[in-house]
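# Breakdown of the fold
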Amino acid sequence: MELTVQGAYSARIEGVSANAAAVSRVCPFSDEAISEDAIAAVRFPQAKAHPMLGRIQGVYAAQVVEGQFRQRGSSGGMGSWLLDQLLAGGHVDAVVHVAALDAGAGEALFGYRISTTAEEIRSGAKSRYYPVTLADVLTRVREVPGRYAFTGVPCFIKALRLLAAEDETIGSRVAFCIGLVCGHLKSRGFAEFLAWQMGVPPQSLTGFDFRVKVPGQAANHYGAKALGVVDGMPVERIQTMQQLYGHDWGMGLFKLKACDYCDDVVAETADVTVGDAWLPQYVSDERGTNLLIVRHPQLAEIIAGGVARGSIHLEELTPDDAVRSQASGFSHRREGLAYRLWRARERGEWAPTKRVVTLEQAADESFAQRQDARMRVAELSHAALLEAKRAGTLAPFFQLVVPAAEHYRDFSRPLWRRVLVRLRRLLRGDPLVREALRRSQAVRR
(Lines give C-alpha, C1' and ligand atoms only; values in the text may rest on other atoms or scores of the structure.)
Protein backbone atom coordinates (compact mmCIF):
# COMPACT_ATOMS: atom_id res chain seq x y z
CA MET A 1 0.00 0.00 0.00
CA GLU A 2 1.32 3.43 -0.95
CA LEU A 3 0.40 6.78 0.57
CA THR A 4 -0.68 9.21 -2.12
CA VAL A 5 0.09 12.92 -2.19
CA GLN A 6 -3.51 13.51 -1.11
CA GLY A 7 -2.98 11.56 2.11
CA ALA A 8 -4.78 8.29 1.32
CA TYR A 9 -3.61 4.75 0.63
CA SER A 10 -3.57 3.18 -2.81
CA ALA A 11 -2.81 -0.44 -3.63
CA ARG A 12 0.25 -1.29 -5.72
CA ILE A 13 0.16 -4.74 -7.30
CA GLU A 14 3.55 -6.26 -8.15
CA GLY A 15 4.70 -9.79 -8.90
CA VAL A 16 1.28 -11.44 -8.56
CA SER A 17 0.53 -12.39 -12.15
CA ALA A 18 0.05 -16.02 -11.14
CA ASN A 19 -2.48 -14.98 -8.52
CA ALA A 20 -4.13 -12.08 -10.34
CA ALA A 21 -7.57 -13.68 -10.14
CA ALA A 22 -7.21 -14.20 -6.38
CA VAL A 23 -6.14 -10.57 -5.94
CA SER A 24 -9.28 -9.44 -7.73
CA ARG A 25 -11.45 -11.67 -5.58
CA VAL A 26 -10.03 -10.08 -2.41
CA CYS A 27 -10.59 -6.42 -3.34
CA PRO A 28 -13.92 -5.32 -1.77
CA PHE A 29 -14.77 -3.15 -4.80
CA SER A 30 -13.86 -5.71 -7.46
CA ASP A 31 -16.49 -7.18 -9.76
CA GLU A 32 -14.87 -10.58 -9.11
CA ALA A 33 -15.47 -10.38 -5.35
CA ILE A 34 -18.58 -11.98 -3.90
CA SER A 35 -21.13 -9.62 -2.33
CA GLU A 36 -21.78 -8.81 1.30
CA ASP A 37 -25.04 -10.77 1.03
CA ALA A 38 -23.21 -13.93 -0.03
CA ILE A 39 -20.58 -13.61 2.69
CA ALA A 40 -23.18 -13.01 5.40
CA ALA A 41 -25.38 -15.91 4.25
CA VAL A 42 -22.52 -18.32 4.94
CA ARG A 43 -21.29 -16.68 8.15
CA PHE A 44 -24.71 -16.01 9.73
CA PRO A 45 -27.14 -18.63 8.37
CA GLN A 46 -29.36 -18.39 11.46
CA ALA A 47 -29.82 -14.60 11.27
CA LYS A 48 -32.74 -12.92 9.49
CA ALA A 49 -31.98 -10.93 6.34
CA HIS A 50 -32.86 -7.23 6.28
CA PRO A 51 -32.61 -5.12 3.09
CA MET A 52 -30.66 -2.27 4.75
CA LEU A 53 -28.88 -3.88 7.71
CA GLY A 54 -27.87 -7.23 6.26
CA ARG A 55 -28.43 -10.26 8.47
CA ILE A 56 -29.45 -9.48 12.04
CA GLN A 57 -30.03 -11.40 15.25
CA GLY A 58 -30.68 -8.36 17.42
CA VAL A 59 -30.63 -4.56 17.29
CA TYR A 60 -30.06 -2.47 20.41
CA ALA A 61 -29.16 0.87 21.94
CA ALA A 62 -26.31 0.17 24.35
CA GLN A 63 -24.18 1.81 27.01
CA VAL A 64 -21.42 0.31 29.14
CA VAL A 65 -22.09 0.79 32.85
CA GLU A 66 -18.93 -0.69 34.35
CA GLY A 67 -15.46 0.82 34.35
CA GLN A 68 -14.37 3.76 32.19
CA PHE A 69 -15.35 2.28 28.81
CA ARG A 70 -18.08 4.82 28.15
CA GLN A 71 -16.06 7.78 29.40
CA ARG A 72 -13.02 6.82 27.33
CA GLY A 73 -14.97 5.96 24.18
CA SER A 74 -16.47 8.10 21.45
CA SER A 75 -19.99 6.94 22.25
CA GLY A 76 -21.39 4.29 24.62
CA GLY A 77 -18.13 2.35 25.03
CA MET A 78 -19.38 -0.92 23.53
CA GLY A 79 -16.59 -1.39 20.97
CA SER A 80 -13.81 -1.55 23.55
CA TRP A 81 -15.99 -3.50 25.99
CA LEU A 82 -16.66 -6.24 23.44
CA LEU A 83 -12.96 -6.53 22.59
CA ASP A 84 -12.15 -6.65 26.30
CA GLN A 85 -14.69 -9.44 26.84
CA LEU A 86 -13.40 -11.48 23.90
CA LEU A 87 -9.86 -11.31 25.26
CA ALA A 88 -10.74 -11.80 28.93
CA GLY A 89 -13.01 -14.74 28.14
CA GLY A 90 -10.33 -16.55 26.16
CA HIS A 91 -12.28 -16.31 22.91
CA VAL A 92 -9.29 -14.65 21.22
CA ASP A 93 -5.58 -14.36 21.88
CA ALA A 94 -5.16 -10.85 20.49
CA VAL A 95 -7.05 -7.89 19.08
CA VAL A 96 -6.27 -6.06 15.84
CA HIS A 97 -7.51 -2.47 16.01
CA VAL A 98 -6.63 1.11 15.14
CA ALA A 99 -4.79 3.12 17.77
CA ALA A 100 -2.77 6.29 18.07
CA LEU A 101 0.87 6.05 17.03
CA ASP A 102 3.80 7.65 18.81
CA ALA A 103 4.03 10.22 16.05
CA GLY A 104 6.62 12.85 15.45
CA ALA A 105 5.57 16.17 13.97
CA GLY A 106 3.98 15.64 10.55
CA GLU A 107 4.07 11.83 10.75
CA ALA A 108 1.20 9.32 10.55
CA LEU A 109 -1.08 9.69 13.58
CA PHE A 110 -2.90 6.34 13.61
CA GLY A 111 -2.41 2.78 12.45
CA TYR A 112 -3.51 -0.80 13.01
CA ARG A 113 -1.78 -2.60 15.87
CA ILE A 114 -2.06 -5.92 17.72
CA SER A 115 -3.04 -5.70 21.39
CA THR A 116 -2.86 -8.51 23.91
CA THR A 117 -3.81 -6.78 27.18
CA ALA A 118 -6.92 -5.04 28.45
CA GLU A 119 -5.08 -1.74 28.89
CA GLU A 120 -3.76 -1.84 25.32
CA ILE A 121 -7.33 -2.34 24.08
CA ARG A 122 -8.67 0.52 26.20
CA SER A 123 -5.93 2.88 25.08
CA GLY A 124 -7.09 2.29 21.50
CA ALA A 125 -10.66 3.41 22.17
CA LYS A 126 -12.42 6.12 20.11
CA SER A 127 -13.19 6.77 16.46
CA ARG A 128 -10.34 7.56 14.05
CA TYR A 129 -11.42 9.39 10.91
CA TYR A 130 -8.05 8.75 9.32
CA PRO A 131 -6.59 6.50 6.58
CA VAL A 132 -4.99 3.25 7.73
CA THR A 133 -3.95 -0.04 6.15
CA LEU A 134 -4.08 -3.68 7.28
CA ALA A 135 -1.06 -4.62 5.15
CA ASP A 136 1.66 -4.58 7.82
CA VAL A 137 -0.41 -6.04 10.63
CA LEU A 138 -1.58 -8.95 8.45
CA THR A 139 2.05 -9.90 7.89
CA ARG A 140 2.40 -10.20 11.66
CA VAL A 141 -0.83 -12.23 11.93
CA ARG A 142 0.58 -14.69 9.38
CA GLU A 143 3.77 -15.03 11.42
CA VAL A 144 2.19 -15.46 14.87
CA PRO A 145 -0.40 -18.25 15.29
CA GLY A 146 -3.49 -17.46 17.34
CA ARG A 147 -7.09 -16.37 17.24
CA TYR A 148 -7.57 -12.69 16.44
CA ALA A 149 -10.48 -10.28 16.73
CA PHE A 150 -10.42 -7.52 14.10
CA THR A 151 -12.15 -4.15 14.09
CA GLY A 152 -12.79 -2.06 11.01
CA VAL A 153 -15.14 -0.12 8.78
CA PRO A 154 -17.33 -2.06 6.31
CA CYS A 155 -14.92 -2.28 3.36
CA PHE A 156 -12.06 -3.42 5.63
CA ILE A 157 -14.16 -6.17 7.20
CA LYS A 158 -15.38 -7.33 3.79
CA ALA A 159 -11.80 -7.39 2.47
CA LEU A 160 -10.74 -9.42 5.49
CA ARG A 161 -13.53 -11.95 4.90
CA LEU A 162 -12.54 -12.23 1.24
CA LEU A 163 -8.87 -12.68 2.14
CA ALA A 164 -9.76 -15.33 4.74
CA ALA A 165 -11.55 -17.29 2.01
CA GLU A 166 -8.44 -17.22 -0.22
CA ASP A 167 -5.68 -17.54 2.39
CA GLU A 168 -5.97 -20.59 4.65
CA THR A 169 -3.58 -19.19 7.26
CA ILE A 170 -5.48 -15.92 7.61
CA GLY A 171 -8.78 -17.78 7.53
CA SER A 172 -7.77 -19.95 10.48
CA ARG A 173 -6.77 -16.90 12.54
CA VAL A 174 -9.70 -14.54 12.02
CA ALA A 175 -11.93 -15.48 14.95
CA PHE A 176 -14.28 -12.49 15.11
CA CYS A 177 -14.85 -9.18 13.34
CA ILE A 178 -16.33 -6.11 15.00
CA GLY A 179 -17.59 -3.65 12.41
CA LEU A 180 -17.99 0.10 12.68
CA VAL A 181 -20.83 2.07 11.13
CA CYS A 182 -19.26 4.26 8.45
CA GLY A 183 -20.37 7.49 6.79
CA HIS A 184 -17.25 7.60 4.62
CA LEU A 185 -13.47 7.46 4.97
CA LYS A 186 -11.29 10.56 5.15
CA SER A 187 -7.78 11.32 3.94
CA ARG A 188 -5.12 12.61 6.33
CA GLY A 189 -6.20 16.05 5.17
CA PHE A 190 -9.25 16.02 7.44
CA ALA A 191 -7.21 15.91 10.67
CA GLU A 192 -4.63 18.32 9.25
CA PHE A 193 -7.31 20.79 8.16
CA LEU A 194 -9.12 20.77 11.50
CA ALA A 195 -5.88 21.07 13.46
CA TRP A 196 -4.66 23.93 11.28
CA GLN A 197 -7.84 25.83 12.09
CA MET A 198 -6.95 25.40 15.78
CA GLY A 199 -3.49 26.84 15.28
CA VAL A 200 -1.56 23.59 14.76
CA PRO A 201 -0.28 23.44 11.15
CA PRO A 202 0.17 20.07 9.38
CA GLN A 203 3.94 19.95 9.76
CA SER A 204 3.56 20.44 13.55
CA LEU A 205 0.74 17.95 14.22
CA THR A 206 1.56 15.02 16.54
CA GLY A 207 -1.86 13.81 17.70
CA PHE A 208 -5.58 14.26 17.20
CA ASP A 209 -8.80 13.31 18.99
CA PHE A 210 -11.82 13.44 16.69
CA ARG A 211 -14.42 12.85 19.43
CA VAL A 212 -14.07 14.90 22.63
CA LYS A 213 -17.21 14.72 24.74
CA VAL A 214 -18.37 18.19 25.81
CA PRO A 215 -20.17 18.45 29.19
CA GLY A 216 -23.65 19.91 28.89
CA GLN A 217 -23.82 19.40 25.12
CA ALA A 218 -25.71 16.84 23.07
CA ALA A 219 -23.79 13.73 22.05
CA ASN A 220 -23.57 14.93 18.44
CA HIS A 221 -22.10 18.28 19.52
CA TYR A 222 -18.69 16.89 20.33
CA GLY A 223 -15.32 18.58 20.16
CA ALA A 224 -11.93 17.92 18.60
CA LYS A 225 -8.46 18.10 20.12
CA ALA A 226 -5.17 18.72 18.31
CA LEU A 227 -1.71 18.05 19.74
CA GLY A 228 1.45 19.43 18.24
CA VAL A 229 4.79 21.12 18.60
CA VAL A 230 4.63 24.83 17.71
CA ASP A 231 7.71 27.06 18.00
CA GLY A 232 9.47 24.26 19.84
CA MET A 233 6.77 24.00 22.50
CA PRO A 234 4.13 21.26 22.94
CA VAL A 235 0.58 22.57 22.49
CA GLU A 236 -2.93 21.19 23.00
CA ARG A 237 -5.91 22.89 21.39
CA ILE A 238 -9.59 21.97 21.78
CA GLN A 239 -12.57 23.33 19.84
CA THR A 240 -16.14 22.17 19.45
CA MET A 241 -16.72 20.85 15.95
CA GLN A 242 -19.43 23.47 15.40
CA GLN A 243 -16.68 26.10 15.68
CA LEU A 244 -14.68 24.49 12.88
CA TYR A 245 -15.26 24.64 9.14
CA GLY A 246 -15.97 21.14 7.93
CA HIS A 247 -18.14 19.90 10.80
CA ASP A 248 -20.95 19.16 8.31
CA TRP A 249 -20.24 15.50 7.56
CA GLY A 250 -22.61 15.52 4.60
CA MET A 251 -20.43 18.07 2.82
CA GLY A 252 -17.86 15.32 2.32
CA LEU A 253 -14.62 17.25 2.79
CA PHE A 254 -11.64 14.93 2.19
CA LYS A 255 -13.88 11.98 1.36
CA LEU A 256 -12.19 9.18 -0.58
CA LYS A 257 -13.60 8.53 -4.05
CA ALA A 258 -14.14 4.82 -3.36
CA CYS A 259 -16.70 5.78 -0.70
CA ASP A 260 -19.00 7.07 -3.44
CA TYR A 261 -19.31 3.47 -4.67
CA CYS A 262 -19.92 1.67 -1.36
CA ASP A 263 -23.35 0.29 -0.46
CA ASP A 264 -22.57 -1.04 3.04
CA VAL A 265 -23.27 1.41 5.88
CA VAL A 266 -23.33 -1.01 8.81
CA ALA A 267 -20.54 -3.53 8.14
CA GLU A 268 -22.89 -6.32 7.08
CA THR A 269 -20.15 -8.98 7.13
CA ALA A 270 -19.12 -8.27 10.74
CA ASP A 271 -20.16 -10.49 13.67
CA VAL A 272 -21.41 -7.40 15.47
CA THR A 273 -21.58 -3.77 14.38
CA VAL A 274 -21.09 -0.77 16.65
CA GLY A 275 -22.04 2.82 15.84
CA ASP A 276 -23.74 5.89 17.23
CA ALA A 277 -27.44 5.72 18.14
CA TRP A 278 -28.33 9.04 16.50
CA LEU A 279 -31.94 8.94 17.68
CA PRO A 280 -33.82 11.72 19.54
CA GLN A 281 -34.18 9.72 22.76
CA TYR A 282 -30.41 9.19 23.02
CA VAL A 283 -28.66 12.09 21.34
CA SER A 284 -29.26 14.47 24.27
CA ASP A 285 -27.05 12.31 26.53
CA GLU A 286 -23.55 13.76 26.28
CA ARG A 287 -22.02 10.47 27.46
CA GLY A 288 -23.02 8.76 24.20
CA THR A 289 -25.11 5.73 23.26
CA ASN A 290 -24.14 2.99 20.84
CA LEU A 291 -26.18 1.41 18.11
CA LEU A 292 -25.51 -2.33 18.28
CA ILE A 293 -26.35 -4.80 15.49
CA VAL A 294 -25.69 -8.39 16.54
CA ARG A 295 -25.30 -11.21 14.01
CA HIS A 296 -23.18 -13.97 15.59
CA PRO A 297 -24.70 -16.12 18.38
CA GLN A 298 -21.48 -16.19 20.42
CA LEU A 299 -21.38 -12.39 20.52
CA ALA A 300 -25.07 -12.42 21.48
CA GLU A 301 -24.21 -14.68 24.44
CA ILE A 302 -21.39 -12.39 25.58
CA ILE A 303 -23.70 -9.38 25.40
CA ALA A 304 -26.48 -11.19 27.27
CA GLY A 305 -23.98 -12.09 29.98
CA GLY A 306 -22.99 -8.44 30.32
CA VAL A 307 -26.63 -7.45 30.77
CA ALA A 308 -27.18 -10.15 33.40
CA ARG A 309 -24.17 -8.93 35.41
CA GLY A 310 -25.23 -5.31 35.15
CA SER A 311 -22.08 -4.45 33.17
CA ILE A 312 -23.98 -2.99 30.22
CA HIS A 313 -27.42 -1.50 29.64
CA LEU A 314 -29.40 -2.49 26.53
CA GLU A 315 -32.65 -1.25 25.06
CA GLU A 316 -34.08 -3.22 22.17
CA LEU A 317 -34.57 -1.30 18.93
CA THR A 318 -36.41 -2.17 15.75
CA PRO A 319 -34.54 -2.48 12.46
CA ASP A 320 -36.33 0.68 11.35
CA ASP A 321 -34.88 2.50 14.36
CA ALA A 322 -31.40 1.44 13.29
CA VAL A 323 -32.00 2.69 9.75
CA ARG A 324 -33.32 6.02 11.06
CA SER A 325 -30.26 6.43 13.26
CA GLN A 326 -28.09 6.39 10.12
CA ALA A 327 -30.59 7.95 7.71
CA SER A 328 -28.11 10.20 5.89
CA GLY A 329 -25.68 7.35 5.31
CA PHE A 330 -28.37 5.11 3.86
CA SER A 331 -29.68 7.88 1.62
CA HIS A 332 -26.18 8.50 0.28
CA ARG A 333 -25.58 4.78 -0.39
CA ARG A 334 -28.95 3.92 -1.81
CA GLU A 335 -30.62 6.72 -3.78
CA GLY A 336 -27.36 8.64 -4.09
CA LEU A 337 -25.38 5.60 -5.19
CA ALA A 338 -28.01 4.65 -7.78
CA TYR A 339 -27.52 8.08 -9.34
CA ARG A 340 -23.71 7.97 -9.18
CA LEU A 341 -23.71 4.58 -10.91
CA TRP A 342 -25.95 5.99 -13.65
CA ARG A 343 -23.68 9.05 -13.93
CA ALA A 344 -20.56 6.91 -14.33
CA ARG A 345 -22.27 4.77 -16.99
CA GLU A 346 -23.40 7.83 -18.95
CA ARG A 347 -19.88 9.24 -18.89
CA GLY A 348 -18.30 5.97 -19.94
CA GLU A 349 -16.43 5.66 -16.63
CA TRP A 350 -15.80 2.38 -14.85
CA ALA A 351 -17.79 1.77 -11.69
CA PRO A 352 -18.02 -1.41 -9.62
CA THR A 353 -21.03 -3.70 -9.72
CA LYS A 354 -23.13 -3.01 -6.66
CA ARG A 355 -26.23 -4.43 -5.02
CA VAL A 356 -27.97 -1.08 -5.57
CA VAL A 357 -29.78 -0.96 -8.92
CA THR A 358 -28.45 1.67 -11.33
CA LEU A 359 -30.97 4.28 -12.43
CA GLU A 360 -32.40 3.71 -15.88
CA GLN A 361 -32.75 7.43 -16.53
CA ALA A 362 -31.55 10.70 -15.07
CA ALA A 363 -32.65 11.50 -11.53
CA ASP A 364 -34.64 14.55 -10.51
CA GLU A 365 -32.55 17.51 -11.67
CA SER A 366 -32.20 19.10 -8.23
CA PHE A 367 -31.21 15.76 -6.67
CA ALA A 368 -28.67 15.10 -9.42
CA GLN A 369 -27.15 18.56 -9.08
CA ARG A 370 -26.84 18.13 -5.33
CA GLN A 371 -25.02 14.81 -5.77
CA ASP A 372 -22.70 16.39 -8.34
CA ALA A 373 -22.03 19.32 -6.02
CA ARG A 374 -21.13 17.03 -3.14
CA MET A 375 -18.66 15.08 -5.28
CA ARG A 376 -17.17 18.36 -6.46
CA VAL A 377 -16.59 19.56 -2.88
CA ALA A 378 -14.81 16.33 -1.95
CA GLU A 379 -12.64 16.47 -5.06
CA LEU A 380 -11.75 20.14 -4.55
CA SER A 381 -10.90 19.71 -0.86
CA HIS A 382 -7.94 17.42 -1.56
CA ALA A 383 -6.42 19.76 -4.15
CA ALA A 384 -7.19 22.88 -2.12
CA LEU A 385 -5.34 21.64 0.97
CA LEU A 386 -2.27 20.87 -1.14
CA GLU A 387 -2.42 24.44 -2.45
CA ALA A 388 -2.79 25.77 1.10
CA LYS A 389 0.26 23.79 2.24
CA ARG A 390 2.31 25.21 -0.62
CA ALA A 391 1.20 28.74 0.29
CA GLY A 392 1.64 28.25 4.04
CA THR A 393 -1.87 29.56 4.78
CA LEU A 394 -5.43 28.25 4.73
CA ALA A 395 -6.60 31.20 2.63
CA PRO A 396 -6.28 29.37 -0.74
CA PHE A 397 -8.28 26.45 0.65
CA PHE A 398 -11.23 28.62 1.54
CA GLN A 399 -11.02 30.56 -1.71
CA LEU A 400 -11.33 27.33 -3.69
CA VAL A 401 -13.72 25.33 -1.52
CA VAL A 402 -16.21 27.78 0.03
CA PRO A 403 -17.99 28.72 -3.24
CA ALA A 404 -18.44 25.03 -4.14
CA ALA A 405 -19.54 24.17 -0.60
CA GLU A 406 -22.10 26.98 -0.53
CA HIS A 407 -23.43 25.82 -3.90
CA TYR A 408 -23.91 22.35 -2.40
CA ARG A 409 -25.57 23.69 0.75
CA ASP A 410 -27.97 25.83 -1.30
CA PHE A 411 -29.82 22.70 -2.37
CA SER A 412 -31.09 22.23 1.20
CA ARG A 413 -31.95 25.92 1.72
CA PRO A 414 -35.20 27.66 0.78
CA LEU A 415 -34.83 30.69 -1.48
CA TRP A 416 -35.16 33.23 1.34
CA ARG A 417 -32.42 31.46 3.26
CA ARG A 418 -30.09 31.49 0.26
CA VAL A 419 -30.57 35.24 -0.11
CA LEU A 420 -30.02 35.84 3.61
CA VAL A 421 -26.82 33.78 3.64
CA ARG A 422 -25.49 35.61 0.58
CA LEU A 423 -26.16 39.02 2.15
CA ARG A 424 -24.63 37.99 5.46
CA ARG A 425 -21.49 36.67 3.79
CA LEU A 426 -21.25 39.80 1.63
CA LEU A 427 -21.50 42.11 4.63
CA ARG A 428 -19.68 40.13 7.31
CA GLY A 429 -17.99 37.20 5.61
CA ASP A 430 -18.20 33.63 6.86
CA PRO A 431 -17.59 33.62 10.66
CA LEU A 432 -16.17 30.07 10.65
CA VAL A 433 -13.73 30.96 7.88
CA ARG A 434 -12.79 34.24 9.56
CA GLU A 435 -12.04 32.52 12.88
CA ALA A 436 -10.19 29.66 11.20
CA LEU A 437 -7.91 32.08 9.40
CA ARG A 438 -7.34 34.10 12.54
CA ARG A 439 -6.33 31.08 14.62
CA SER A 440 -4.21 29.50 11.90
CA GLN A 441 -2.38 32.73 11.09
CA ALA A 442 -1.66 33.43 14.73
CA VAL A 443 0.92 30.63 14.57
CA ARG A 444 2.87 32.49 11.90
CA ARG A 445 3.26 35.68 13.89
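You'll find the structure just up there.
Residues numbered from 1 in each chain as written. Predicted model: local features only at pLDDT ≥ 70, side-chain atom pairs only at ≥ 80, totals over all residues. Heavy atoms only, no water.

### Some words on the sheet that holds strand 8 (residues 148–152)
In space, the 8 strands of this open sheet follow the order 7-6-8-9-13-14-5-15, with mixed pairing throughout. The open sheet terminates on both sides in strands that have one partner only, identified here as strand 7 (110–115) and strand 15 (312–316). Within this sheet the neighbouring strands show an average axis-to-axis angle of 30°, counted without direction. Where strand 6 (residues 94–100) meets strand 7, 6 bridges bridge the pair, whose relative direction is antiparallel. The partner of V98 across the bridge, within strand 7, is Y112. In this fold helix 7 (residues 154–166) packs onto strand 7, strand 8 and strand 9 (174–180), with an angle of close to 160° to the strand it touches most, strand 9. (Pairing = 2+ DSSP bridges. Helix = DSSP H or I, 4+ residues; strand = E, 2+ residues; numbered from the N terminus. Axes fitted to C-alpha atoms, helices over the stretch in contact; angles between N-to-C directions. Contact = heavy atoms within 4.5 Å.)

### Quick word on a nonpolar patch on the surface
The grouping of L415, V419, L423 and L426 at the surface amounts to a nonpolar patch, some 430 Å² of accessible area in total. Within the element layout of this structure, L415 appears in helix 17 (residues 415–428). Residue L415 is classed as exposed on the basis of its relative accessible area, which comes to 62%. (Patch = residues over 30% accessible without salt bridge, like charges linked within 9 Å, V, L, I, M, F, W, Y side chains within 5 Å. Areas by Shrake-Rupley, 256 points an atom, 1.4 Å probe, with all protein chains shown as cover. Salt bridge = Lys/Arg side-chain N within 4 Å of Asp/Glu carboxyl O. Buried < 20%, exposed > 50% of the residue type's maximum accessible area, 1.4 Å probe, protein only.)

### Re helix 2 (residues 36–43)
Those residues of helix 2 lying buried are E36, I39 and A40. In an axial view of helix 2, the angular spread of the buried residues amounts to 95°, which keeps them on one side of the axis. Where helix 2 is buried, its residues meet strand 4 (54–56) and helix 7. (Arc of directions from axis to C-beta.)

### Side note on the pairing of strand 13 (residues 272–276)
With 5 of 5 residues buried, strand 13 is to be regarded as a mostly interior element. Note: strand 9 against strand 13, 3 bridges, orientation parallel. Residue pairing in the sheet places I178 in a bridge with V272 of strand 13. In this sheet, strand 14 (residues 290–294) lies alongside strand 13 in antiparallel orientation, the contact comprising 5 bridges. From the neighbouring strand, V272 faces strand 14, where its bridge partner is V294.

### Quick look at empty space enclosed by the protein
Per the counting criterion, the structure on display carries 4 cavities of 30 Å³ or more. Of the voids in this model, the largest cavity is the one considered here, and its volume is about 70 Å³. Contributing to the lining of the largest cavity are 16 residues, with K213, A218, A219, Y222 and E286 lying nearest its centre. A breakdown of the residues in the lining of the largest cavity according to their chemical character gives 6 nonpolar, 5 polar and 5 charged. (1 Å grid on protein atoms, 1.4 Å probe; cavity = no way out; pocket = protein on both sides within 12 Å on 5 of 7 lines; lining within 4 Å. Points joined across faces, edges and corners; volume = space filled by probe spheres on them. Nonpolar A, V, L, I, M, F, W, Y, C, P; charged D, E, K, R; others polar.)

### Points about the pairing of strand 12 (residues 233–240)
Of the strand pairs in this sheet, strand 11 (residues 223–230) and strand 12 are connected by 8 bridges, and their pairing is antiparallel. If you follow A224 over to strand 12, its bridge partner there is Q239. In this antiparallel pair of consecutive strands, strand 11 and strand 12, the connection spans 2 residues, and D231 shows a positive phi of 55°.

### Overview of the pattern of salt bridges
Taken as a whole, this structure holds 31 salt bridges when the rule is applied. With a shortest N-O distance of 2.8 Å, D271 and R43 are connected by a salt bridge. Taken as a pair, D271 in the loop between strand 12 and strand 13 and R43 in helix 2 lie far apart in primary sequence, 228 residues in all. By relative accessible area, R43 is classed as partly exposed at 28%. Here D260 ties to R340 by a salt bridge, and the two come within 3.7 Å at their closest N and O atoms. Here D260 is found in the loop between strand 12 and strand 13, whereas its partner R340 is found in helix 14 (residues 335–346), with 80 residues between them in sequence. Note on accessibility: D260 and R340 belong to one class, buried. Among the charged side chains, a network of salt bridges with common partners joins E36, D37, K158, D263, E268 and R355.

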